[in-house]
Structures are given as structure tokens and as C-alpha cells.
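Spelled out, the chains give:
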Amino acid sequence: MKTKALPLILLCVAVFAGGCSDSPWNNPYPDEHAGKRIYYDSFSERPKHLDPVSSYSEDEALFIGQIYEPPLQYHFLKRPYELIPLSATEVPEPEYYDEDGHRLHGDAAEEEVARAVYTIHIRQDIRYQPHPALARDESGAYRYHDLQSSDLKDIRSLKDFPHAGTRELVAADFVYQIKRLVKPGLHSPLAGFMSKYIVDLGGLGQRLREQPERGLPVDLREIEFAGAEVVDRYTYRVHLKRKYPQFKYWLSMYFFSPVPWEADVFYSQPGMKERNISLDWYPVGTGPFMLTENNPNRHMILERNPNFHGEDYPVEGMPGDREKGFLDDAGKSMPFIDMAYYSLEKEAIPEWNKFLQGYFDTSGIISDSFDQAVQFTAAGEPELTTEMQNKGIGLLTAVRPTIVYLGFNMLDDVVGGDSERARLLRRALSIAIDYEEFLSIFANGRGIAAQGPIPSGIYGAREGREGINPYVYDWADGKPRRKPISEARELLHKAGYRDGRNIETGEPLVLYLDVTSGGAGSKTLLNWYRKQFDKLGIQLVIRATDYNRFREKMRKGTAQIYTWGWNADYPDPENFLFLLYGENGKVKHQGENTSNYDNERYDDLFVKMRAMDRGPDRQAIIDEMVEILRRDAPWVWGYHPQAYSLYHQWYGNAKPNLMARNTLKYKTIDPELRQAKRLEWNQPVLWPLVLLGLIIVLSIIPAVITYRHKQRAAVK
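Anyway, here's the lowdown on the structure attached to this text. (Residues numbered from 1 in each chain as written. Predicted model: local features only at pLDDT ≥ 70, side-chain atom pairs only at ≥ 80, totals over all residues. Heavy atoms only, no water.)

Some points on the environment of aspartate 368
- Position of aspartate 368 relative to the elements: it lies in the loop between strand E14 (362-363) and helix H9 (370-373).
- Sequence spacing of aspartate 368 and asparagine 276 is 92 residues, and the spatial spacing of their C-alpha atoms is 38 Å. (Helix = DSSP H or I, 4+ residues; strand = E, 2+ residues; numbered from the N terminus.)

Written out as C-alpha cells, the structure is:
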């Protein structure tokens, strides 16, 4: 009897002991994390490139942005987005020269400028994170620069190298990285674009491709290059072929982050690639964090860089930032956390549940859970549900620097061209296609209908009454209101169509929307588009195909109407307005002007605008360009998506910055409050176990009584 009862007793002890633990039963993290300033988040798939010369996706930027430090960065709090120094000492101002080498004024016209020179001074207190590539022995020689495959037999990861070193960041590291843009085998997505601007970059790429095969990696330090030069230990220059003020924005992107030549030598040795020991897998930077564990099938861990030079939290922001607590840490040294722990989460529902349990500090909102998290006031403003408010969860919204639009092929005989008939047809459709309704049905209201190509928060965008598209909206009750469908029908009539039929021939107007094949949910969306056209009596035919075929149709100009989108590379209107510049036409020039829009006045203004610095004159030109686009309507302007983010009460400095990628250093965590809330929200439900124990005990008692009766009977 005593022996049989022991397991039950041990079970009960474990149950009640667990209930008294300082950690919830379902805690997915190691016990040693308790009480530490650790940020918890998730990722859905392995980052393919962590080499800053090759990476160009958001899932990779999640890590790269915390590790590498380009010359510039965006101010964390200010809007519109403002560039400030990072590894540089100041934001560089270009010097302009004519063909004879004479210095020009800063406001020189683009056609006068034959050379633009950016002189960049870097900070003198920056060192690289500890890394084996930088380790030296007692004589000063590099420990791991002459390895053979046999030397790596016990090496499985970077941690298996017993020594790590560091050195000071120097200007030559930035020049070296610019050369890496065209290094064969790295396939930088920026190489082609920057070859149009940086002197000799295309030529350098050609010379590198022509290098004879010697079995050894090319030492880029020895290759002559006129596009970038080292001036002194802490200064370098970049030479551009023409005036391009937007180049400073590229200096905030990790393509221009410093990379030590030692890293290339280290990772190019025999046997490294086979072990996934590469710059794509183990980056080496100067930023506040370093990647200490890369296990993409489970988790990825960033830890504080012990060699980080330090940086202070901003002391000024926007109106309202102080009241929201975003300036509580003004002037304090960053980073505020010691580790960022990213768990692999492929399914949205488990990820959402872990956020509600307190195991992730922030979260987006999946469509299936939107109503659980957010409700709308009578004025149409989003607010958290009572359930979320009771948990102390906060909500932040921000307009993404993105536009999603419906485009017309301006080479098409029906919807394209510069005729008044086609222009009126496009404007009628712009009114009829109700993107406010689209956002309500398909995006839970997460977005704002676009008034033109430039999103809110980007310099050049107009807000309020002066920012509306007067061809599609009226200003009423302090906000834009879409014009009535009767006005769209009147425009269609003026275009030569009555109730969707050609007035002269009586033939129905049939238009074609080219899309890529989608899943089951796409049917509802496409039906919605049909209904929008049907408001005007227009028949819409959907032509669905695979993505490669769709791209070919766009390239050849055989699509009629299509949907597309664009995410900003940098916060300047040039990055959106160039999408409709004639010289970027998809068919003629294989550019990003997918509508093949061509307006001589617009193009002249674009060329002038892109070479101007910010100011009233540039704003006036932007306003005129936007007016031309609204009048011609090459796009139905669609919408700008809105980011909705949730965060727990222990997570600080949560203001979203949708241009910056290096925001982890600003975040704060209150580990004590988090632990208390996790315990509160994850209390084990013990009564089923207790009930089970009682049932087991009660079921044993009759057997025990019967057994004892038999024993006594046997004795008698």
C-alpha cells in the first residue's frame, strides 16, 4: 500500500511545489533569464543574408540594423524623418565641381555639376565587437588568417574559436565596403543603381570580374578605385558623377556600413563555407549588439556588444512625445537592454497567444484576432478593447512609408494616353473605386486612402485640407470625403460612355485587370473590384496569371490595369515621384515606371526637383508635380497601409519609426513588472489534477479494502 501510494504523493508534491514557483509552468525561456533586461520577439524564417552588402529585406534588417553602423541614421523621435550622425561626426554636405574642376555654389544647377564630393568624418572612439577574424597572437600576427580545412575539424560555429579580438574602426573600412558592392559573388542589389552615381564603380566591377583565377581571394585594398578614397585615418571621400542630394539617405543604409577586410580574409578560408561560417551567418560590426547565437530552427540571440562606444537617448522629439513618456530617458546612455531573444514562430495563432501570455513584449495584430484587440469609436478612431486595456497593453499606429495603388498602362488604347477622353475615364474610376471601403473590408481599417503618391510623414506630403486630391475628394467636416458616384458617372459620360456603353457605337466598355494568381481569399477581393467598376456599368474582366508571366506582361506593356505597391527606400519624395518619371518607363527603359506615364512638364520638374535641397522652392515644385499627377490620374492612388503595434506595459520607448532599422537600442524593459504579470496571467489550473488524484485515491480504496479482507481470511 505504501509503495503504490508513493507516486501519487510525489505527483501532488510536484503540483503544489510548481504552483509556488517564481516562474510559470509554461515559461518557454531558460530559468536564468529571470530578472534580466531581455527583449523577447519572434521571427518566421531564417534570414538569408546578414552580410550588409547583400541584404535587402525586412526580416534581415531586424538583425543587421542592430549590429552594423553606417555613417548616418534617422532621429528616433522626429517627424518628418530627419538624418543625424551615427558613426560619422556630422551629416556631410556635398561639394560641387564643374568639368574644369572649379568649385561651384551649393545651389548649382544639375547640368553645371560634373562631380559631387562627399567628405565624411568618422568618430574616433569606435571599436569592433570581439571576433575571431580580429584575434592576434603575442607577436601581433592574426591567429586565424591562414587556416586549412584540417584546422577546422573541431569547429562547428564561431564559438568554437578560443580567441577573439578587436580593433579600431577606420575610414578605410568604409571605402573597403563600397568596393564590396561590386565584388564578384556577393550579388549586391545596390550595385547597378549606385554604378550610375559613384565614379568608376561600374568600372571597378568589370576589373574585378576580369581578375585572373589565382585560387586566392582578391584583396580589395590593393585595387585602385576613383570613386572613394581614404583621406586620413578618420576621413574618407565619395565621388559622384553628378549632383544627387538623396545620396545622403543611402549613407544611412547598411550597404554603406563598415566591414573590416579581416572578415573577408577569415571567412574565405577553405572549409568555412561548408560549415556555414560566413559573413551571411556571423556578422561583425560596431553596433550596440552582436549576434551570439544563430540557430534559425529555434532561436536567434543578440547580446550587448562589450566594445560598444555608447550613445545617448535623444533629448528632443515631437510635440506630445514628452507627455507619452518618450522623453523619460532623455540623455541616458544606450542600449537599455542586455539581450534580444528571437524565437522561431511559423504560425500566427501561437505567436499571438504567447504575446497575450506575456512571453513576447510586442506584437502586430493578425486579422483573425483584430476584433479581440481593437475596436473603433463613433468617430472612426481605433482604440483597444476592454480586455486589452485591462492587461495594460498599449496601441500605437503609424502610416507606413508605402503606397499600394491600381495603375493604368498609359500605352493602352482605351485607358491610356493623354487625351481628355482617357483622362476623364481614369478620373471617373478614381472616384468609383472606394478604397475606404476596401480598407474596412480587407484590412480591418488599417490604412488611409491616398491623396497622391507621397505618404504622410515623408517630406513634401501636404496634410489636411491642402493635401486632398480635389479631383476625387471634397473637404467636409474637417476631413476628406469621396465625391459621390453621380459625379463619376457624369465624368464617364463626358468621356463618351453612358451607363458603361460607348455613346457612338453602343458597345459595352470592357476593361481588363491583370493580377497574379492568388489563393482562395483572392476571389472575394477580385469580386470587390468587379463591383467597383460595375457602379459605372463597366464590365471588368480579371486576367490572372503566375508572377513570372505577369512581370513579362508589365515589361512588354500588354497589361491594361494592374495593382502594385512601393515601399520607400528613403524618406524623400523623389523616391516616390520617380515611379512616374518618363525616363523610368517600364517598356522603353525597363525602369520602375510600370504605368509608362510620360508627361514632358512633369519630367522637367522631376529633373529639377531631384537635384534640389529641401526648402520652399523645392516644395513648390513638388506641389506642382503632384497636381499634374492628380489631374492626369495614371494611378488610382489606392492607400497607404497603417502599422498597428501592441506592446506590454513593461516595454518602454515604443514609438514606431518605420524608416529606421536600428531601434532596439532605444527600448527599455522592466523585468520585475513583466515577471509579476506573467505569473498573474499564467496561473496553473490545479483543480483537474487534484480531482484526478482524488478519483485515483477513491478507486484504490475499495481494492485495498478487498485485499486486506482476503489477507485476513487467509490468516484464519
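Brief notes about helix H18 (residues 600-610)
- Restricting attention to buried positions, one finds in H18 the residues Tyr602, Asp603, Leu605, Phe606, Met609 and Arg610. End-on view of H18: buried residues confined to an arc of 165°, all on one side of the axis. Turned more than 90 degrees off the buried face of H18, the exposed positions are Glu600 and Lys608.
- Where H18 is buried, its residues meet helix H16 (574-577) and helix H19 (616-632).
- Between the side-chain oxygen of the N-cap and the backbone nitrogen of arginine 601 there are 3.1 Å, and the N-cap of H18 in question is asparagine 599. (Buried < 20%, exposed > 50% of the residue type's maximum accessible area, 1.4 Å probe, protein only. Arc of directions from axis to C-beta. Contact = heavy atoms within 4.5 Å. Polar contact = N/O pair within 3.5 Å; in protein donor to acceptor, adjacent residues only side chain to side chain.)

Things to note about the nonpolar core
- In this structure, Phe161, Ile178, Ile198, Phe247, Phe256 and Leu577 are the most contacted members of the largest nonpolar core, which totals 139 residues.
- The dominant element in this core, judged by the number of residues it contributes, is H19, at six residues.
- When residues no more than four places from it in sequence are discounted, the contact partners of leucine 577 are Pro453, Ile454, Tyr602, Phe606, Met609, Ile622, Met625, Val626 and Leu629.
- In terms of nonpolar packing, the next biggest core, distinct from the first, is built from 38 residues, Leu425, Ile468, Ile538 and Tyr639 among them. (Core = buried A, V, L, I, M, F, W, Y, C linked by side-chain atoms within 4.5 Å.)

Structural notes on the sheet that holds strand E7 (residues 228-232)
- A sheet is described by the order of its strands in space; here five strands give the open sequence E5-E4-E6-E8-E7, paired in antiparallel fashion. Either end of the sheet is taken by a strand with one partner, and the two such strands are strand E5 (103-104) and E7.
- Relative to strand E8 (residues 235-240), strand E6 (residues 115-121) runs antiparallel, the two sharing six bridges. By the bridge assignment, valine 117 is partnered in E8 with histidine 239.
- Sheet contacts for helix H3 (residues 171-180): E7 and E8; angle to E7, the most-contacted strand, approximately 175°. (Pairing = 2+ DSSP bridges. Axes fitted to C-alpha atoms, helices over the stretch in contact; angles between N-to-C directions.)

Here we look at the packing of aromatic side chains
- Tallied over the full model, the rule gives 49 aromatic pairs.
- Following the ring pairs from residue to residue traces out a cluster consisting of Tyr39, Phe43, Phe63, Tyr342, Tyr647 and Tyr651.
- Residue placement shows arginine 242 over the ring face of tyrosine 197; its charged tip is 5.3 Å from the ring centre.
- The ring of tryptophan 681 has lysine 391 lying over it, and the distance from NZ or CZ to the ring centre is 3.7 Å. (Phe/Tyr/Trp six-rings, centres within 6.5 Å; stacked < 30°, edge-to-face > 60°. Lys NZ or Arg CZ within 6 Å of the ring centre and 35° of its normal.)

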